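Analysis of the macromolecular model
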Amino acid sequence: MLGLTFLGLVAALGIRPGAPLCLSQQLSLPGDYILGGLFPLGSADDTGLGDRTQPNATVCTRLSAPGLLWALAVMMAVEEINNASTLLPGLRLGYDLFDTCSEPVIAMKPSLVFMAKVGSRSIGAYCDYTQYQPRVLAVIGPYSSEVALVTGKFFSFFLMPQVRPLPTSHPPAHLRSPRVRSCLRLQVSYGATTDRLSNRETFPSFFRTVPSDRVQATAMVELLRGLRWNWVAAVGSDDEYGRQGLGLFSSLANAKGICIAYEGLMPLPRAGGLRLGSVQSLLHQVNHSSVQVVVVFSSAHAAYSLFSYSIHYRLLPKVWVASETWLTSSLVMTLPGMERVGTVLGFLHQGAEMPEFRSYVQTRLAQAAEPAYCASLEAGQLGLEEHVVGPRCPQCDRASPENVTDGLLYHQTFAAYAAVYSVAHALHKALLCNSSGCPAQEPLRPWQLLENMYNASFRAYNRTLQFDSSGNVDLAYDLKLWVWQDRMPMLRTVGSFNGSLELQFSNMIWHTPGNQEPVSQCSRQCREGQVRRVKGFHSCCYDCVDCKAGSYQRHPDDALCSKCDQDQWSPDGSTRCFPRTPRFLAWGEPAVLGLLLLLGIVLGLVLLALGLFTWHRDSPLVQATGGPRACFGLACLGLVCLSVLLFPGRPSTANCMGQQLLLHLPLTGCLSTLFLQAAEIFVASELPPSWTDWLHSRLRGPWAWLVVLLAMLAEAALCSWYLAVFPPVVMTNWHALPTEALVHCHVSSWIMFGVVHATNAMLAFLCFLGTFLVQSQPGRYNSARGLTFAMLAYFITWVSYIPLFANVHVVSHPPVQMGTILFCVLGILATFHLPKCYLLLWRPDLNTPEFFLGGGPSDARGQGSSGHEEETQGKNK
């Protein structure tokens, strides 16, 4: 649409297609200060530079329409400045614009002309260059990074920097000496974007009105991240622009977790076919892989060759992320079949739309077609430049309106236009210009202009731009998408980048069925609670692994699960941790309720036995069992039962200590009474009659209670020492349970815990020894058998407790101890006391002295051991 409109206007002006023009003669303009210009006005495809054997003149014959338009933008800016009275009042700018053919070899000749002394064709060699006046004050261009690297070093040839430039409004210290910097040419490029040109040590006089490729590469990486594309291919042209651009993109992408599956350089196109070198195999690998996105950082000609090959071999459509150089290239846009390659999008730096430029181009073309105007230009004859360089741009005179309409995109045109204004603003400051004029009279040298460029701000077409300390300007980018209309793509804005990326998803059109957003990932996105276990060399190729219990996924891109704190827990595949709840043996747990029921039964039996023994305390049965000592032993068994009540509930230090004390002391009291009973049986059965009466007097009465007291004191001493030196402590075990924190009583020393049990174990063992081998007597109650089974029950219970306690989970330790205590009490009660209760209740006929205490001469041993009971029985009768 833009081209048709422009062609209509040109036709209205009377320009005949194919008519000769005199545009080449308009590329120079005299003035008080001359600006040199380097523009790609032609193409070097047919010049045979690779076949040269002599340093002869080379002329480009194929017109490059964009280069011509950029030159016209510079001419327009100079005319505006000369016609205005605000920027350089009383002064006129001139220009000398030359063709570079986008080749460093060709650009060197006009660069030598720029460096020559005024009125001369030679470069003088002096010791002091302070007063040296070159032909041009500054150079606008070149466009190509490849050419800018050569010309930039050439213009800085006499400058040998040693330190980095300081980010101030003044030039670096090593530029402040006029002896060093007088030969330095100020160079402002409108298109060279390679990041190497930001190096102030190597290129101290280089400035540009376009952002560095580092900004563009950063924007590309953010685009890939924003669309979740982390598995891409990257291709660059084998020139300075492509190599450094590809290197920048690769380093930035790797730093952001984007994997480049395939990477390669395309050789620069040469006549004779579609040879792409190693990129051919790369394209076929990408074609058969899961890579759906290809980043192409290349020149327009290299991109043309790449897509020609892709179209020729019918490679599958992909998403092509374009660098700025070929995104707007008509050479690539008009390639037949280009609409079949897939989706093309890329970043284009924002400029300022200049409506007047279109009419200015029309006017210039119309003037170039007027014979009278061209004759007035010819009157000036050839200048010194034409004698040295040759014809400036013979192909410009053969230009037609058709081949310049496609280059009217304002973004690059504005960059060339702004480059002129940056120099004019610096000149304005250097000459101390004001509204009435420029007071400075002496001609200005380039080094005097240079110091006004560092960190300088200037206005161009109502936009304010500023050079930073590296000579770059900060311009935002628009994200452009190719939308095909009548075999020519239209650039649609679908986002922007100005330090951060903004996407307009609703404006995007994809090549995929159903307009689905393409997916370019080596591995699927892991679910929440999963981390990536990388396989191979690329971090984007991975297996998703669930975080195990006790760990969680902190961030979506984590490669390792993070462990929860000890007071937290997490399930498998979790993204967060949860606080642990305290766990202890609660009163309402089923195990506790069952043990409390057992406690009620056992304690009820103990109280029943104690009641019966107390009621029948003077009966032969109770007297034979020990009388008051038997009742004391039953009371101690009741206290042992009650000790289990200290196990449920949240543990405390007092509970942990009371558990052992309330268990061992009453148990010692009970076992000491049974020990005395076993000793009486042993003395009566196994010792000579002469010892029986004396020993019986020691095993009865106060002496017996003294034995009980000593046993309990010994046990109390052991318990006190144990609780003082190795006290059980309340401990929180964070790892015993998956979701809870176990609060329990921790035994500080198991050895001392066993020593505390030793007193009771020794008493039980002595009881067992004293009754195990005793023979029963006919017609008498066998008390030894009950004691033997009681001690067996004691040992079986506590011996079973050891492996059971060691093998059950720590959570079950309190109920195991409770059960052991209750079964120990129940064992003693069932084997020793309950049979006697049975006799008291249901066989009172057996409750006689003869059956329990023995009677008659034949039972001397039994009578000797029970004389006191017989006397008591006789009194009762």
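Computed from a prediction, not measured in an experiment: that's the story for all the values here.

Description of the state of the cysteines
The final tally for this structure, using the stated rule, is nine disulfides. This cysteine, cysteine 636, is not joined by any disulfide, and cysteine 670 carries the nearest cysteine sulfur, 6.6 Å off.

Brief notes about the packing of aromatic side chains
Tallying each qualifying case throughout the model produces 28 aromatic pairs. Taken together, the aromatic side chains of Phe307, Trp320, Trp326, Trp482 and Trp484 make up a single cluster linked through ring pairs. Over the ring of phenylalanine 98 we find arginine 392; its NZ or CZ atom is 4.3 Å from the centre of that ring. Lysine 836 extends its terminal NZ or CZ atom over the ring of phenylalanine 832, reaching a point 4.0 Å from the ring centre.

Digging into helix α17 (residues 590–615)
With 26 residues, α17 extends 37 Å from end C-alpha to end C-alpha; this agrees with the ideal 38 Å at 1.5 Å per step. For α17, the set of buried residues is Val592, Leu595, Leu598, Leu599, Val602, Leu603, Val606, Ala609, Leu610, Leu612 and Phe613.

Describing unusual backbone geometry
Residue proline 142 is reached from glycine 141 by a cis peptide bond, and omega for that bond is 0°. Tracing the chain through its elements places proline 142 in the loop between β6 (138–140) and α4 (145–155). For asparagine 462, which is not glycine, the phi dihedral falls at a positive 65°. Considering the arrangement of structural elements, one finds asparagine 462 in the loop between β14 (457–460) and β15 (463–466). Assessed through its relative accessible area of 66%, asparagine 462 is described here as exposed.

Some remarks on a nonpolar patch on the surface
A cluster of nonpolar side chains, Trp703, Leu706, Leu709, Leu710 and Leu713, forms an exposed patch at the surface whose accessible area comes to about 490 Å². Here tryptophan 703 is to be found in helix α22 (residues 702–725). Note on tryptophan 703: relative accessible area 45%, which makes it partly exposed.

Some remarks on the sheet that holds strand β25 (residues 581–583)
Read across the sheet, three strands follow the order β25-β27-β26 without closing on themselves; strand pairing throughout is mixed. The open sheet terminates on both sides in strands that have one partner only, identified here as β25 and β26 (729–733). Geometrically, the sheet is characterised by an average inter-axis angle of 30° between neighbouring strands, direction not taken into account. Direction of pairing for β26 relative to strand β27 (residues 740–746): antiparallel, over a ladder of five bridges. Directly across from threonine 732, in β27, lies its bridge partner valine 743.

Comments concerning the side chain of threonine 343
Following the sequence through the fold, threonine 343 ends up in strand β13 (residues 342–349). Beyond its immediate sequence surroundings of up to four residues, threonine 343 is in contact with Lys318, Val319, Trp320, Leu481, Ile509, Trp510 and His511.

Observations regarding the packing of helix α6 (residues 213–226) against helix α7 (residues 240–255)
At a closest axis distance of 9 Å, the pairing of α6 and α7 adopts a crossing angle of 45°. Judged on the interaxial angle alone, α7 and α6 are oblique. The crossing of α6 and α7 is right-handed. Contacts from Asp213, Arg214, Gln216, Ala217, Thr218, Met220, Val221 and Leu224 of α6 reach α7 at Tyr241, Gln244, Leu248, Phe249, Leu252 and Ala253.

Brief notes about the sheet that holds strand β18 (residues 501–503)
The mixed open sheet is built from eight strands, whose spatial order is β10-β9-β11-β12-β13-β16-β17-β18. Two strands lie at the open edges of the sheet, namely β10 (259–266) and β18, each paired on one side alone. Mean inter-strand twist for the sheet, computed between neighbouring axes without regard to direction, equals 30°. As defined by bridge partners, strand β16 (residues 477–485) adjoins strand β17 (residues 488–497) across nine bridges and the pair is classed as antiparallel. By the bridge assignment, glutamine 485 is partnered in β17 with methionine 488. Lying on the sheet, helix α9 (residues 300–312) is in contact with β9 (231–237), β10, β11 (293–297) and β12 (318–322); it crosses β12 at an angle near 175°.

Details of helix α12 (residues 355–368)
Under the 1.5 Å per step criterion, the end-to-end length of α12 is 21 Å for 14 residues, consistent within 8% with the ideal 20 Å. Of all the residues in α12, the buried ones are Phe357, Tyr360, Val361, Gln362, Arg364, Leu365, Ala366 and Ala368.

Concerning the pattern of salt bridges
Two side chains of opposite charge can pair, provided their charged atoms sit close to one another. By the definition in use, this model includes ten salt bridges. Between glutamate 222 and arginine 225 there is a salt bridge whose closest N-O contact spans 3.6 Å. With glutamate 222 and arginine 225 both in helix α6 and three residues apart, this pair spans about one turn of that helix. Between arginine 583 and glutamate 589 there is a salt bridge, with its nearest N and O atoms 3.7 Å apart. Owing to a relative accessible area of 18%, glutamate 589 belongs among the buried residues under this scheme. A single network of salt bridges, built from pairs that share partners, joins Arg583, Glu589 and Glu740.

Observations regarding the confidence of the model for the protein
Confidence along the protein averages 81 in pLDDT terms, with 82% of residues attaining 70 or more. Residue range residues 855–877 is modelled with pLDDT below 50. Its contacts to residues more than four positions away, or to other chains, number 30 contacts.

Focus: the environment of glutamine 466
Mapped onto the elements, glutamine 466 comes out in strand β15. Through-space distance from the C-alpha of glutamine 466 to that of alanine 456 is 5.6 Å; in sequence the pair is ten residues apart.

As for the side chain of glutamine 395
Take glutamine 395: it is sitting in the loop between α14 (384–389) and α15 (410–430). Within polar-contact distance, the side chain of glutamine 395 engages the backbone oxygen of leucine 41 at 3.3 Å. Not counting the four nearest positions on each side in its chain, glutamine 395 is found in contact with Leu41, Gly42, Cys60, Thr61, Arg62, Leu63 and Asp99.

Topic: the pairing of β14
Sheet faces and side chains relate simply in a regular strand, where the side chains alternate between the two faces. The alternating pattern of β14 places Phe458 and Ala460 on a buried face and Ser457 and Arg459 on a face that is not buried. Judged from the four bridges that link them, β14 and β15 form a sheet pairing that is antiparallel. Its bridge partner being in β15, alanine 460 is matched across the sheet by arginine 463. The loop that links β14 with its antiparallel partner β15 comprises two residues; one of these, tyrosine 461, has a positive phi angle of about 50°.

Conventions and cut-offs
- Residues take numbers from 1 onward in each chain, read along the sequence in its written order.
- Local features in a predicted model are, by the rule used here, given only for residues with pLDDT of at least 70; side-chain atom pairs are given and counted only at 80 or more, and totals for whole chains, interfaces and linings are based on all residues.
- Side-chain numbers come from the whole structure's heavy atoms, not from hydrogens or water.
- Any pair of cysteine sulfurs within 2.5 Å is marked as a disulfide.
- To pair, rings of Phe, Tyr and Trp, with the six-membered ring standing in for Trp, must have centres within 6.5 Å; the planes then decide the type, stacked if under 30 degrees apart, edge-to-face if over 60, and tilted in the middle.
- Whether a charge sits over a ring depends on NZ of Lys or CZ of Arg being within 6 Å of the ring centre and within 35 degrees of the ring normal.
- Every helix listed is a DSSP run of H or I at least four residues long, and every strand listed is a run of E at least two residues long, numbered separately from the N terminus.
- The span one expects for a helix is its residue count, reduced by one, times 1.5 Å.
- When accessible area is computed with a 1.4 Å probe and restricted to protein chains, residues below 20% of their type maximum are described as buried, those above 50% as exposed, and intermediate ones as partly exposed.
- A patch is a set of surface residues, each over 30% in relative accessible area and not in a salt bridge, joined within 9 Å for like charges and within 5 Å for the nonpolar side chains Val, Leu, Ile, Met, Phe, Trp and Tyr.
- Residue exposure ignores everything except the shown protein chains as possible cover, and the areas themselves are Shrake-Rupley values with a 1.4 Å probe.
- A pair is scored as a salt bridge if a Lys or Arg side-chain nitrogen falls within 4 Å of a carboxyl oxygen belonging to Asp or Glu.
- Only strands that DSSP links by at least two bridges are regarded as paired with each other.
- Axis definition: a line fitted to C-alpha atoms, over the contacting stretch in the case of helices. Angles run 0 to 180 degrees between N-to-C directions.
- For this analysis, residues touch if any pair of their heavy atoms sits within 4.5 Å.
- Reported orientations rely on four angle classes, namely roughly parallel under 35 degrees, roughly antiparallel over 145, roughly perpendicular from 65 to 115, and oblique for the rest.
- We call a crossing left-handed when the near helix sits turned anticlockwise from the far one by less than a right angle, and right-handed when that turn is clockwise.
- The pLDDT value expresses, per residue, how confident the predictor is, ranging between 0 and 100.
- Any pair of N or O atoms that falls within 3.5 Å is considered a polar contact. Within protein, one atom must be able to donate a hydrogen and the other to accept it, and sequence-neighbouring residues count only if both atoms are side-chain atoms.

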